[in-house]
Amino acid sequence: MSEITSLVNKVREKQPLVHNITNQVVINYTANGLYAIGAAPVMANAVEEAADMANNADALLLNIGTLTTVQVDAMILAGKAANQKGIPVVFDPVGVGATPYRSAMAKKILDNVQVSVVRGNAAEVGLLAGLKAVMRGVDAEAQGDHQAVALQATKQLGIPVIVTGEHDVITDGSKVFVIENGHPLLTKVTGTGCLLSSVVAAFLAAHENVLEACAGAVGFYGVAAEVAASHTSAPGTFQVAFLDALYHVNSDVVTDTIKLTERFIEEVETK
Amino acid sequence: MSEITSLVNKVREKQPLVHNITNQVVINYTANGLYAIGAAPVMANAVEEAADMANNADALLLNIGTLTTVQVDAMILAGKAANQKGIPVVFDPVGVGATPYRSAMAKKILDNVQVSVVRGNAAEVGLLAGLKAVMRGVDAEAQGDHQAVALQATKQLGIPVIVTGEHDVITDGSKVFVIENGHPLLTKVTGTGCLLSSVVAAFLAAHENVLEACAGAVGFYGVAAEVAASHTSAPGTFQVAFLDALYHVNSDVVTDTIKLTERFIEEVETK
Amino acid sequence: MSEITSLVNKVREKQPLVHNITNQVVINYTANGLYAIGAAPVMANAVEEAADMANNADALLLNIGTLTTVQVDAMILAGKAANQKGIPVVFDPVGVGATPYRSAMAKKILDNVQVSVVRGNAAEVGLLAGLKAVMRGVDAEAQGDHQAVALQATKQLGIPVIVTGEHDVITDGSKVFVIENGHPLLTKVTGTGCLLSSVVAAFLAAHENVLEACAGAVGFYGVAAEVAASHTSAPGTFQVAFLDALYHVNSDVVTDTIKLTERFIEEVETK
């Protein structure tokens, strides 16, 4: 666990270059958040350079929040370059299931790119994996539901998943991390989920073990949100304080504050 | 009037989903502003999903600030879907008249989509309605000019209009609301006009009477600006404080602070 | 020098309209920064209106941060209109050299548009000018290196250049201004370099002497960063405080704080 809580140090030391093909809404906040944690962001959407830019990078983030067909083409070119180079690829299936087009494009990305981790809320991750039945329980924020969605989705997709919500669940099907940090104000600022996906990409670039890197990113992020929320009760100032916290929070604060549970699937299944 | 000043409660209760096809400059601030008032934003520009996304929504906002031809196509698809579903559509003709292209695209939108309300400054609303002569008086912020522009524009367009400026005028040609809230710092932050249009969309989704919903949105917004400006005299901190105020200001504060005048057209015309 | 330090007054008096064709990451911060200094921003990317919008403006800013081929087409149309009208054009070659596409597009812009000033970091300005050899020293922030890059680049390009970094160098090949203001937090907020390029455009619109306008813009900007950094040590609050400082800092503060050195090339070359 000290390994996990200190991963932010590795990120700040390596200063990984994270190539983001992401949506227009969050592109600025994502860049600022990556700078704040000590990573280096680059954004480049053009099909003519997406692969070259991914080839310069230490990790790739694909986010379909305001997708277009040409942007998805760029994602696939970048994703294939990232796969060839062997750098991690995080996929954030924003709003998948909301429209047939969005679902088709998400499938196209998964069909063409080897994704290291999928990060979304329970509805997004579940729908991406085709788990329609499970979705009835999505609005309930019970930990059990999130865990069930995450476990079924990772099995269906064959990819480790991060399901975020009131509790965050990280699993590759054989191990589960549950993190109970964060703050409701995160849901009042646009792009906090999207930025987390980019932060996960930065942590993956700095630490080889995928589940540990994910847990390190999600735990650090949730702790930073709690630190930011201790200074404010409104979303405007929270948005600013959160960037400050991403910059200031160190591994000691993470170690003191993280609420991380680690389980193996046998244990989970017998519950 | 208590109906109007309490409409923010209905918005916070309903949490309407507002689909925004808007410009790149303000897309983030718009999303954060909608979250702050208790609504739910969604942004989706692709022609392949614009109609489907509008069909999920409770209101639609169309804003041509950084328009492209394909984005206007998406707006028309979304607008037609919104019309078919019967949800309100707000049109913000940013910079109409600045270029022939922008004017042509604005006309194309109005020709294809049944718009519930147009929101802009006096120049934009006047030019959209083809009122070239009136435009000479646009720079003057006298209430009379705004009212004249608004009344002529609503008559010409056959659509209720909101003309914002030092005073805000809301009219459908038979009734006029004048609101004298707000703060000059609003003009020093990009996207405050655009966000207001999205806030109007959220209020329309929560309250059927169009003019009342518009007055409720504009009044609430102006009061929130005054609350924010009481904490700062510079635009960076104002931008943040304004999001906080949109989150915190409640109907009591609106009731205590709103400067709303209601007139019928007969009265106006005899002035 | 009092001429240079008081140029912000001329900007605030003229309120120049700056047309920006810039990247998605910084488009909001650029608009807010231009408002803060007292200029008026307009953003319009569509090829159908780029020329018309430039023709309305007092200055043009071209930034290739998230370029696409159609956006570059719009830049060239706007650039040619700006040249014909005789308004200044600032070119910010973000990330040039990072991919072959980006380099080719930057060259295409320079081949088609008469640029008044290029602004970038030492790597960008050097690579734009084809100075591969010099680039080995780019990471070192020594003033000598920046000056060498700037002098060689301006000679190669035939355009005045601004090389920003720990020290900022402004030169047209016959005169050099070195400015030693600014703050490291500027490197932790995305778009501060891009915004500076737009601020330079605003200063060029308000003052005919190119090198003086550049020095005035860069000096004012660096002083504002120092003022902002005196209030905070983290990037979220710095980003906000910087907009406030751009709004509040006046020529007296600039005069008291600027660290400006002026040299003629003979002197530089004999060092």
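Residues numbered from 1 in each chain as written. Chains lettered and ligands numbered in written order. Predicted model: local features only at pLDDT ≥ 70, side-chain atom pairs only at ≥ 80, totals over all residues. Heavy atoms only, no water.

- Identification of chain A as Hydroxyethylthiazole kinase from Aquibacillus koreensis is taken from an unreviewed UniProt entry.
- Recorded in UniProt for chain A, the comment headed Catalytic activity (unreviewed entry) runs: "5-(2-hydroxyethyl)-4-methylthiazole + ATP = 4-methyl-5-(2-phosphooxyethyl)-thiazole + ADP + H(+)".
- According to the UniProt record, the Cofactor (unreviewed entry) comment for chain A is "Mg(2+)". (UniProt positions renumbered as here; feature names shortened; annotations may be inferred.)

### Comments concerning the interface of chain C and chain B
Then, in step 1: The interface of chain C with chain B comprises 22 residues on the first partner and 25 residues on the second.
Then, in step 2: Both faces combined, the contact of chain C with chain B buries some 1,900 Å², and carbon together with sulfur accounts for 57% of it.
Then, in step 3: When the area that chain C buries against chain B is broken down by residue, the three leading residues are Tyr35(C), Glu49(C) and Tyr247(C), summing to 24%.
Then, in step 4: Our count for the contact surface shared by chain C and chain B stands at one salt bridge.
Then, in step 5: Close ionic contact of Arg102(B) with Glu49(C) constitutes a salt bridge, the shortest N to O distance being 2.5 Å.
Then, in step 6: At the surface where chain C touches chain B, the tally comes to nine residue pairs in polar contact (both at pLDDT 80 or more).
Then, in step 7: When residues in the side of chain C that touches chain B are grouped by element, the largest group, six residues, is from helix H3 (residues 27–37) of chain C.
Then, in step 8: The residue inventory of the side of chain C that touches chain B, partitioned by class, reads 11 nonpolar, seven polar and four charged. (Contact = heavy atoms within 4.5 Å. Buried area = accessible area lost by both parts, 1.4 Å probe. Salt bridge = Lys/Arg side-chain N within 4 Å of Asp/Glu carboxyl O. Polar contact = N/O pair within 3.5 Å; in protein donor to acceptor, adjacent residues only side chain to side chain. Helix = DSSP H or I, 4+ residues; strand = E, 2+ residues; numbered from the N terminus. Nonpolar A, V, L, I, M, F, W, Y, C, P; charged D, E, K, R; others polar.)

### Regarding the interface of chain B and chain A
Then, in step 1: On the side of chain A, 25 residues touch chain B, which itself brings 22 residues to the contact.
Then, in step 2: Summing both partners gives a buried area of about 1,900 Å² for chain B against chain A, and 57% of it is carried by carbon and sulfur.
Then, in step 3: If you sort the residues of chain B by the area they bury against chain A, Tyr35(B), Glu49(B) and Tyr247(B) come out on top, with a joint share of 24%.
Then, in step 4: Counting every contact that joins chain B to chain A gives one salt bridge.
Then, in step 5: At the junction of chain B with chain A, the criterion picks out nine residue pairs in polar contact (both at pLDDT 80 or more).
Then, in step 6: For the side of chain B that touches chain A, the secondary structure elements donating two or more residues are helix H3 (27–37), helix H4 (50–56) and helix H11 (235–248) of chain B.
Then, in step 7: A per-element tally of the side of chain B that touches chain A places H3(B) first, with six residues.
Then, in step 8: When its residues are assigned to classes, the side of chain B that touches chain A shows 11 nonpolar, seven polar and four charged.

### So, the relation of the copies chain B and chain A
Then, in step 1: Of the two same-sequence chains, chain B is brought onto chain A (RMSD 0.0 Å, axial shift 0.0 Å) by a rotation of 120°. Between the two chains, the operation in question is that of a three-fold axis. Considering only C-alpha atoms, the part of chain B nearest the rotation axis is Gln24(B), at 3.9 Å.
Then, in step 2: Different-surface contact between copies: only 9% of interface residues of chain B are shared with the interface of chain A. (Least-squares fit on C-alpha atoms with pLDDT ≥ 70 in both.)

### Regarding the UniProt feature "binding site: ATP" (unreviewed entry) in chain A
Residues and elements named next belong to chain A.
Then, in step 1: As recorded in UniProt, the sites labelled "binding site: ATP" (unreviewed entry) are Arg119 and Thr164. Spatial clustering of the annotated residues is evident: they stretch over 46 residues in sequence, but the largest pairwise C-alpha distance comes to 7.5 Å.
Then, in step 2: The topology assignment puts Arg119 in strand E5 (residues 117–121).
Then, in step 3: Relative accessible area serves as the criterion here: at 5%, Arg119 is assigned to the buried category. (Buried < 20%, exposed > 50% of the residue type's maximum accessible area, 1.4 Å probe, protein only.)

### Quick notes on the packing of helix H11 (residues 235–248) of chain A against helix H11 (residues 235–248) of chain C
Packed helices, taken two at a time, are described by their axes: the angle between them and the distance between them.
Then, in step 1: In the contact formed by H11(A) and H11(C), the axes pass within 6 Å of each other and the chain directions differ by 135°. In terms of their interaxial angle, H11(A) and H11(C) are classed as oblique. Contacts between H11(A) and H11(C) involve Val240(A), Leu243(A), Asp244(A) and Tyr247(A) on the former and, on the latter, Pro235(C), Gly236(C), Thr237(C), Gln239(C) and Val240(C).
Then, in step 2: Looking at the contact of H11(A) with H11(C), its residues break down into five nonpolar, three polar and one charged. (Axes fitted to C-alpha atoms, helices over the stretch in contact; angles between N-to-C directions. Parallel < 35°, antiparallel > 145°, perpendicular 65-115°, else oblique.)

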